[in-house]
Amino acid sequence: MPEGGVPPQAAILVGGRGTRLGTLTDAIPKPMVEVSGRPFLDWLIEEVARFGIPRITLLAGYLGQTIADRYEGRQVRGSRIEVVIEPEPLGTGGGLRLFADRLEPEFLLLNGDTRFDVNLLDLPLQAGDALATLALRRTAPGARYGTVEVAADGRITGFAARDPARKGPINGGIYWLRRAILEHIGPGAVSLESEVFPRLAEAGLLRGGLYDGDFIDIGIPEDLAAAQTVIPAMARRRAVFLDRDGVLIEDTGWPHEPAEVRWMPGAAAAVKRLNDAGRFVFVVTNQAGVAKGKYPESQVGVMHGWMAGELAGAGAHVDAFEYCPNHPEAPLAAYRLDCRRRKPNPGMIEDLLAAWPIQAEGSFLIGDKDSDIAAAAACGLPGHLFPGGDLDAFVARLLAA
């Protein structure tokens with residue numbers, strides 16, 4: 001099991017009938033019920049896609065063609081969506097076994113009727129030698145959900161039935177799995193939750209990561225009604241905008257070769273701290289080295305792809321990298337303009353505010369130049385000058401303020 005990184009695939013279980021929702025699911029699958037004007041599954045896919053996961057596989061069943069018609073072949077924030085449809089109900093485990101050839105050796109699995117706000121790249125870090133790692137909500141009403149027994153080392157030792165006296169943790173419906181788990185799934189309809197996971201717990205092959213993020217299950221009418229406001233609120237986040245050179249990496253003079261990059265102390269830990277705190281993280285960087293002929297514009301993408309991979313190894317991610325290659329006095333005519341996106345102009349931040357569900361109140365920027373602070377101020381956002389040193393310690397102080 002890797003120590004960290006972007007999962008190559010996220011599979012989402014979207015095959016359930018949703019009988020507890022009554023007539024709402026007579027004509028549509030449960031994950032397609034409307035939440036604030038959109039299918040619930042739209043909200044879930046967008047959240048998964050922002051972590052940079054290249055493949056999202058929807059494991060459909062009941063009225064599966066409805067899901068295929070909407071999602072098959074779509075791209076969402078760079079993630080490619082595919083849909084497979086089971087010919088008969090096989091349970092949450094049987095469907096995995098049926099589509100074994102469509103699964104990566106290691107992958108995320110999510111329930112298609114729940115939303116749990118966690119840093120998805122943190123879950124692989126909890127896996128150790130387990131076949132499966134569950135994202136657990138630390139506290140929840142035990143009368144509604146069964147609870148999970150977790151040892152101090154993170155191993156799950158058992159599952160308890162619903163009990164009003166217990167307050168959690170509960171299964172949050174997000175799992176990091178190794179494909180070898182299929183060897184523990186028998187023929188026919190099989191439930192991961194009630195059959196496979198208890199056996200893995202007995203064998204010491206199940207782990208759990210404890211999280212405090214918001215959680216909602218749309219499986220009953222009361223919670224579906226609450227989801228109409230809860231889900232949009234979960235999608236809307238405060239953001240942190242980071243300059244690149246001098247904040248995340250040392251400004252060595254037009255840095256553009258990954259082999260020569262020197263990360264600032266605590267950079268990856270700082271980004272992960274922001275991820276774990278539920279913030280969007282965006283990089284906004286002037287790259288006038290392109291305009292001055294120091295390196296081609298394509299090299300900026302190479303750098304940002306490499307940086308994303310390095311951060312993912314630490315369980316951290318940047319939601320979007322924005323850059324401006326232009327300069328008003330550029331020797332290269334194609335890049336010679338006073339661009340609205342070049343800091344101190346606010347264009348990069350404005351474009352992100354327009355494209356993402358950002359809550360401006362509580363958002364801020366970290367930069368190392370007055371031009372960074374001016375760009376933030378033009379958008380009504382506070383800016384903080386990073387003096388150097390440990391970026392994680394700097395971010396921790398800002399979050400605690």
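Quick summary incoming for the structure in this document.

Take Asn326: it is sitting in the loop between β17 (320-324) and α9 (347-355). By relative accessible area, which is 9% here, Asn326 ends up buried. With sequence-adjacent residues up to four places away left out, Asn326 is seen in contact with Ala288, Ala291, Ala334, Tyr335, Leu337, Cys339 and Arg342.

Read from one edge of the open sheet, five strands run β17-β16-β15-β18-β19, paired in parallel fashion. Only two strands of the sheet have a single neighbouring strand rather than two, namely β17 and β19 (383-385). Here the strands of the sheet are splayed against their neighbours by 20° on average, with no regard to which way each runs. When strand β16 (residues 280-286) meets β17, the two strands line up parallel, connected through five bridges. Counterpart to Phe282 in the pairing with β17 is Ala320. Strand contacts of α9: β15 (237-242), β16, β17 and β18 (358-367), with the helix running at about 150° to β16, the strand carrying the most contacts. Here helix α11 (residues 391-400) sits on the sheet in contact with β18 and β19, set at roughly 150° to β18.

The subject of this paragraph is helix α4 (residues 192-202). Within α4, burial applies to Leu192, Val196, Phe197, Leu200 and Ala201. Axial view of α4: buried residues confined to an arc of 135°, hence all on one face. The outward face of α4, more than 90 degrees from its buried face, is lined by the exposed residues Ser194 and Glu202. Against the buried residues of α4 lie α3 (91-98), β7 (106-111), β9 (132-137), β11 (156-160), β12 (170-178) and β13 (206-211). Its side-chain oxygen placed 3.3 Å from the backbone nitrogen of Glu193, Ser191 serves as the N-cap of α4. Just downstream of α4 lies Gly204, where phi reads positive at about 75°.

A few words on the layout of surface pockets. By volume, the largest pocket amounts to about 1100 Å³. In this structure, the largest pocket is lined by 40 residues; those nearest its centre are Lys30, Thr92, Asn111, Asp113 and Glu193. Breaking the lining of the largest pocket down by element, the ones donating at least two residues are β1 (9-14), β4 (55-60), α3, β10 (147-150), β11, β12, α4 and β14 (215-217). Top contributing element to the lining of the largest pocket by residue count: β12, with five residues. Here the residues of the lining of the largest pocket sort into 14 nonpolar, 17 polar and nine charged. Forming the walls of the second largest pocket are 21 residues, and the residues nearest its centre are Asp117, Arg237, Asp276, Ala277 and Gly278. Listing elements by their share of the lining of the second largest pocket, those giving two or more residues are α5 (221-235), β15 and α6 (267-276).

Ile12 and Leu58 are the most contacted members of the largest nonpolar core, which totals 49 residues. The greatest single-element share of this core, amounting to seven residues, is contributed by helix α1 (residues 40-49). Setting aside residues up to four positions removed in sequence, Leu58 forms contacts with Ile12, Val14, Leu41, Ile45, Ile67, Tyr71, Ile81, Glu82, Val83 and Val84.

Parameters at a glance
Residues numbered from 1 in each chain as written. Predicted model: local features only at pLDDT ≥ 70, side-chain atom pairs only at ≥ 80, totals over all residues. Heavy atoms only, no water. Helix = DSSP H or I, 4+ residues; strand = E, 2+ residues; numbered from the N terminus. Buried < 20%, exposed > 50% of the residue type's maximum accessible area, 1.4 Å probe, protein only. Contact = heavy atoms within 4.5 Å. Pairing = 2+ DSSP bridges. Axes fitted to C-alpha atoms, helices over the stretch in contact; angles between N-to-C directions. Arc of directions from axis to C-beta. Polar contact = N/O pair within 3.5 Å; in protein donor to acceptor, adjacent residues only side chain to side chain. 1 Å grid on protein atoms, 1.4 Å probe; cavity = no way out; pocket = protein on both sides within 12 Å on 5 of 7 lines; lining within 4 Å. Points joined across faces, edges and corners; volume = space filled by probe spheres on them. Nonpolar A, V, L, I, M, F, W, Y, C, P; charged D, E, K, R; others polar. Core = buried A, V, L, I, M, F, W, Y, C linked by side-chain atoms within 4.5 Å.

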